[in-house]
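Commentary on secondary and tertiary structure
As a plain string of letters, each chain reads:
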Amino acid sequence: MTDRSDEELMLAFANNDSTAFEILYTRHKDSLYRYFLRHLNNEAISQELFQDSWMKIINSKQNYQVKAKFKTWMYTLAHNRLVDWYRRNNLESKSFVDNNEEQFDGTIDWNPEDEFQTKRLSKQLKLAIAKLPFEQREVFLLHQETLMTLPQISEMLQLGLEKIKSRYRYAINKLRLNLEDMR
Amino acid sequence: MSTIEKLYQRNNKESSPAELDHLILAAAKQSCEKESDRKKTKWIYALPTAAVVMLSLSLIINLQNENQTINTMPVFDVESPELETLSKTKEKSLIKKETPKRKREQRLEEMVQESQQPTPVVAAPQIEEAPKIEAKKMYAEPSILEETNPTIGALSRTVPAKQIENENSFKFKKPAKKNISYNIADDGFADSVSLIENDKGLEINKAKKPKKDSNTFLLDINKLDQLIEQQKFKQAKELLTVLKQKYPDYDFTKYDISI
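What you see is a predicted model, and the numbers here were worked out from it, not measured in a lab.

Observations concerning the packing of helix α2 (residues 18-40) of chain A against helix α4 (residues 70-88) of chain A
Residues and elements named next belong to chain A. Viewed as axis vectors pointing N to C, α2 and α4 meet at an angle of 30°, and their least axial separation amounts to 11 Å. When the axis of α2 is compared with that of α4, the two are roughly parallel. Between α2 and α4 lies a crossing whose hand is right-handed. Listed contacts from α4 to L24, H28, S31, L32, Y35, F36, H39 and L40 of α2 are F70, K71, M74, Y75, A78, H79, L82, W85 and Y86. Broken down by class, the residue content of the contact of α2 with α4 amounts to twelve nonpolar, four polar and one charged.

In structure tokens, the structure reads:
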């Protein structure tokens, strides 16, 4: 049962198999929740958008067609919902323009054995993510939470691969800088 | 994987609240049930609708077919020679359908054939005369007959009333063991008589008053027979001429010969 692909499960759910939905939900609920939480840094709003997204999935089960991966479709819905929320609340993020082309290997002074340091750094990282411009945050979170590759994200957002790569690079760079500043 | 990515994955364990999970799963379940209910309801409405449509269609088609048969069927007069010819020819299939008109025609044919054959004498146990009032209802008064046809009217006066009455109404002294019933058609021709039990015993119900045409025919033939029996050949000849004119399809040769 659990070996079934997301698409198969969604089709089964479209045929009124609620168990299929349960499996699908269990698979993706946490990553989607974190996607909203990292974006908004607010639990209440994240829960609201998270619920909205799943309700949208439930209500559009009859129209679901396997044109793309389920994950892509689900995160497209989530992305649209998020953009919509930003627009409604006049919080549209400004495009991040950074001409800092310096290469960054993503290394920081972090000892994984040190639990205390790890917790502190993680907290700082989350704050730094929240400070990222929307576009960069979006690419970073999609890559980290959905484990989608950059080409897949490029396809999903209908943007050029180079642009996505660049955004991701900027995001990592910014996070590092933020973490170093916080130390 | 860069250090940032590793760090991100290390402490990334937030999960959606359980309450929200229950809420969403319940909504999904409800949507599935709703959908299946809707499918069921579709059938509930679709089936009777289809049945009603089918029934009404079949009814309409039936009615149309019936109308067509009535319209296309040739109309036969009672005394028309076409009826006899048609019944004997291949076109018989055209009038096979059991319509009231066809029934009437068939009865007429049978009547004509029966009248040609000698009436079998059935021995009935102790027959009594029926009340005269009943008999009067059966036949037209001679005066009325005279008005319509002077010759037949005149002849009808010569036929004793009892003889006519005896033909149509009987009364048994002993009660019959079985009830026998036959239909009496609306067109006035009785297929048979029916025995009905009452306080006075069993008595044969009177046949419905036959129609004037058939009744007159039988009456005429009876009168002709009586005149021949009584050797009143002159009157018989006159009546025969009238009857020949009236019933051109009927074969009167045996009367010709006997007169």
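That shown, we press on.
Comments concerning α2(A)
All names here are of chain A. The sharpest bend along α2 measures roughly 45° and falls at H28. Counting buried positions along α2 gives 18 out of 23 residues, so the element sits mostly inside the fold. If you check the start of α2, you find a side-chain oxygen 3.2 Å away from the backbone N of T19, and it comes from D17. N41 lies just past α2 and shows a positive phi near 55°.

Looking at the interface of chain A and chain B
Residue-level contacts link 46 residues of chain A with 29 residues of chain B. Our count for the contact surface shared by chain A and chain B stands at three salt bridges. When the shortest N-O distance is used, the salt bridge between R38(A) and E14(B) registers 2.6 Å. For the pair chain A and chain B, the interface holds 14 residue pairs in polar contact (both at pLDDT 80 or more).

Remarks on the pattern of salt bridges
Any two side chains of opposite charge can pair if their charged atoms end up close together. Throughout the structure, instances matching the rule amount to twelve salt bridges over all chains. In this structure, the salt-bridge partner of K29(A) is D21(B), at a minimum N-O distance of 3.0 Å. Residue K29(A) is located in helix α2, and its partner D21(B) is located in helix α2 (residues 18-72); the two belong to separate chains. For K29(A), a relative accessible area of 12% puts it in the buried group. With its nearest N and O atoms 3.1 Å apart, the salt bridge here joins K126(A) to E14(B). Remark: E14(B) occurs in the loop between α1 (3-10) and α2 and K126(A) occurs in helix α5 (residues 115-131); the pair is interchain, linking two chains. Of the residues examined, K126(A) reaches a relative accessible area of 22% and is grouped as partly exposed.

How each quantity is defined
- Sequence positions are assigned chain by chain, starting from 1 and proceeding in written order.
- Written order decides the labels, with chains lettered from A and ligands numbered from 1.
- Residue-level local features of this predicted model are given only where pLDDT is at least 70; pairs of side-chain atoms are given and counted only at 80 or more, and the full residue set underlies all totals for whole chains, interfaces and linings.
- The side-chain values count all of the structure's non-hydrogen atoms but skip hydrogen atoms and water molecules.
- For helices, the fitted line uses only the C-alpha atoms of the stretch in contact; every axis is such a line through C-alpha atoms, and the angle between N-to-C directions lies from 0 to 180 degrees.
- Only DSSP runs of H or I reaching four residues or more are called helices, and only runs of E reaching two or more are called strands; each is numbered from the N terminus.
- Between 65 and 115 degrees an angle is taken as roughly perpendicular, under 35 as roughly parallel, over 145 as roughly antiparallel, and anywhere else as oblique.
- Rotating anticlockwise by less than a right angle from the far helix to the near helix defines a left-handed crossing, while the corresponding clockwise rotation defines a right-handed one.
- Contacts are assigned to residue pairs that have any heavy atoms within 4.5 Å of one another.
- Residues are grouped as follows: nonpolar covers Ala, Val, Leu, Ile, Met, Phe, Trp, Tyr, Cys and Pro; charged covers Asp, Glu, Lys and Arg; every other residue, Gly included, is treated as polar.
- To get the bend at any residue, fit one axis to the seven residues that end at it and another to the seven that begin at it, then take the angle between the two axes.
- Exposure is judged per residue with a 1.4 Å probe applied to protein chains only, and the accessible area is read against the type maximum: over 50% gives exposed, under 20% gives buried, and values in between give partly exposed.
- We call two N or O atoms a polar contact when they sit within 3.5 Å, provided that within protein one can donate a hydrogen and the other can accept it, with sequence-adjacent residues counted only if both atoms are side-chain atoms.
- The rule for a salt bridge is simple: a side-chain nitrogen of Lys or Arg has to be within 4 Å of a carboxyl oxygen of Asp or Glu.

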